[in-house]
Amino acid sequence: MKEKILNKPDLDKAKVRNVKESPIVYLGDDSSSFMMDFAKGKNYFIRTYGCQANIRDEESMRGMLESVGFNKVEKEEEADLIILNTCAVRENAEDKVYGEIGNLKGLKAKKKELIIAICGCIPEEPEILDKIIKTFPYVNLFFGTHEIHKLLSYIEHVAKHHERLVAVESKAGEVYEGMPVCRTSRYKAFVNIIYGCNKFCTYCIVPYTRGRERSRKFDDVLEECRQLVKEGYQEITLLGQNVNAYGKDLDEGKDFADMLEAVAKLGIPRLRFTTSHPWDFSDKMIDVIAKYDNIMKFIHLPVQSGNDEILRKMGRRYNSKDYLSLVKRMKDKIPGLGLSTDIIVGFPNETEEEFNDTLKLVDEVKYDSAFTFIYSPRRGTPAAKMEDNIDYETKSRRFKELVKHLEVSVNASSERMVGGIYKVLVDGVSKNNDDMYSGYTESNKLVHFKGNETLVGKIVNVKILESHTYSLIGEIVDE
Ligand code: SAH
Ligand code: SF4
Ligand code: F3S
């Protein structure tokens, strides 16, 4: 295959700080007559890994593809175009993708015209991209997180010129408005409010793969939410790597609290947001969450570690005292608040004492749910250059210990719900049990109950009968 390289990622460019203004680009229609013709009768398949940012990007890609006539299929074998939308946050996320690209070799051999594209966060890593380009010569297209809006023109290029295309640029980034969207759910929606991250936590690849913090204009977000309310959506989740930084890069004089309040006032039944960085979380935000019934009383507040020295080495900008005081202010002002967190075990050279501080913090906060990870060195990040004298067995043992501690409070918070009646937004048939339906409570607990198809997308009252660590069993009641 011939090869055209438009751009390749560059860590120095990915690191650029001090961006004063992020351009907002309003896009027009990008559907060429060539693509309308080409897509006729053709199927696409997208597999998305990673966080909500990637899930929302998939919805934009689907919007573009379906606007020219591509048809979505659930099986790779039926597709004429396969897109792997990748995540680079930890090594195991990357390994999954390598396996998947390898699996596509056979399909490509059977169907020469099949177009395979790799996008998302993995192509943004220079050395990894070079490795994939070499290892998997049958991949036709590579593009990054800044190039999503050009998807159709890239496919057109590959189809017309029969050459492989590499288009991955590292940059602070822009905000693109007006991409078509095909939402996965008809009652729950993700709405981006801010892209990228400026925090550069020393272990994290995200700032390099997603660029700098770029807020969407206040009115553009509100317009999207207004439309969703009109279409009958039941839940909006405002998205950003760090939603609390919303507005800091704009001169509109609006912050995240203003945004939350304005969206809550539109009357969406459930409003959520993720992810919150403790450093940017203001008391004004807490007050707004407390004030509006339709803002769910649930905050995902990653702590990462309970030890001040590790937090400093991670570049998190707060210490355990700051964090605990924030949690206290939140709990005081928001009765019944559910809290979840992310924790990394085994940051380079973490001592037993430092790890024990994390256990102590976890026991004190009593989280309702949590995500735990073993530290994974990411090439190009400062932490990856630190020599690490802690072996994997130790990290793995600590990981299990941490999970045990977390389960105590997670269990207790589920137990407390037994006998109570909670509002649940019905998602559909349970993943592991065809006889049951499932959905989430306002505090983000997964509940299974007997239901039927007409309830999907509706909010129902469920009485909790049994609690398991990671889910609840209940029954629908009238009330
Ligand atoms: N912007 C969000 C999400 C970042 S990625 C935030 O700041 O919370 C989600 C989680 O992955 C992080 O909170 C962190 O706990 C974990 N993570 C990120 N980089 C990691 C690494 N190199 N190794 C292990 N876990 C990591
Ligand atoms: Fe990564 Fe830190 Fe940014 Fe979250 S805040 S995306 S952990 S750099
Ligand atoms: Fe993964 Fe990229 Fe999200 S690295 S976690 S998909 S921002």
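In case you missed it, the structure is sitting above this.
Residues numbered from 1 in each chain as written. Chains lettered and ligands numbered in written order. Predicted model: local features only at pLDDT ≥ 70, side-chain atom pairs only at ≥ 80, totals over all residues. Heavy atoms only, no water.

J.: Is there a simple way to think about the nonpolar core in this case?
T.: It is characteristic of soluble globular proteins that their nonpolar side chains tend to be buried jointly. Judged by nonpolar contacts, the single largest core of 55 residues is most densely connected at L238, F273, F281 and I299. Considering every element that reaches this core, the biggest residue donor is helix 9 (residues 256-265), with seven residues. Residue contacts for I299: discarding those within four places in its chain leaves F273, S276, F281, I289, M330, I334, L337, G338, L339 and S340. In terms of nonpolar packing, the next biggest core, distinct from the first, is built from 33 residues, I101, L107, I122 and I128 among them. (Core = buried A, V, L, I, M, F, W, Y, C linked by side-chain atoms within 4.5 Å. Buried < 20%, exposed > 50% of the residue type's maximum accessible area, 1.4 Å probe, protein only. Helix = DSSP H or I, 4+ residues; strand = E, 2+ residues; numbered from the N terminus. Contact = heavy atoms within 4.5 Å.)

J.: What is the right way to look at the site of ligand 2 in this model?
T.: Around ligand 2, a shell composed of C197, K199, F200, C201, Y203, C204, V206, P207, Q241, H277 and R316 is seen. The residue inventory of the shell around ligand 2, partitioned by class, reads seven nonpolar, two polar and two charged. (Near = heavy atom within 4 Å. Nonpolar A, V, L, I, M, F, W, Y, C, P; charged D, E, K, R; others polar.)

J.: Mind showing me how you'd approach the site of ligand 1 here?
T.: Near ligand 1, the surroundings consist of 14 residues, among which R90, Q241, Q304, D342 and S376 are the closest. At a separation of 2.7 Å, an oxygen atom of ligand 1 approaches a polar side-chain atom of Q304. One nitrogen or oxygen atom from the main chain of S376 is found 2.8 Å from a nitrogen atom belonging to ligand 1. Considering ligand 1 on its own, with 530 Å² of exposed area, one finds that the protein chains cover 89% of that surface. Mapped onto the shell around ligand 1, the elements with two or more residues apiece are strand 16 (338-345) and strand 17 (369-374). (Polar contact = N/O pair within 3.5 Å; in protein donor to acceptor, adjacent residues only side chain to side chain. Areas by Shrake-Rupley, 256 points an atom, 1.4 Å probe, with all protein chains shown as cover.)

J.: For this particular structure, what's the right way to read the side chain of R56?
T.: Positionally, R56 belongs in helix 3 (residues 52-68). Exposure remark for R56: the relative accessible area of 8% places this residue in the buried category. Those residues in contact with R56, other than ones at most four positions away along the chain, are V181, R183, F190, N192, E224 and L239.

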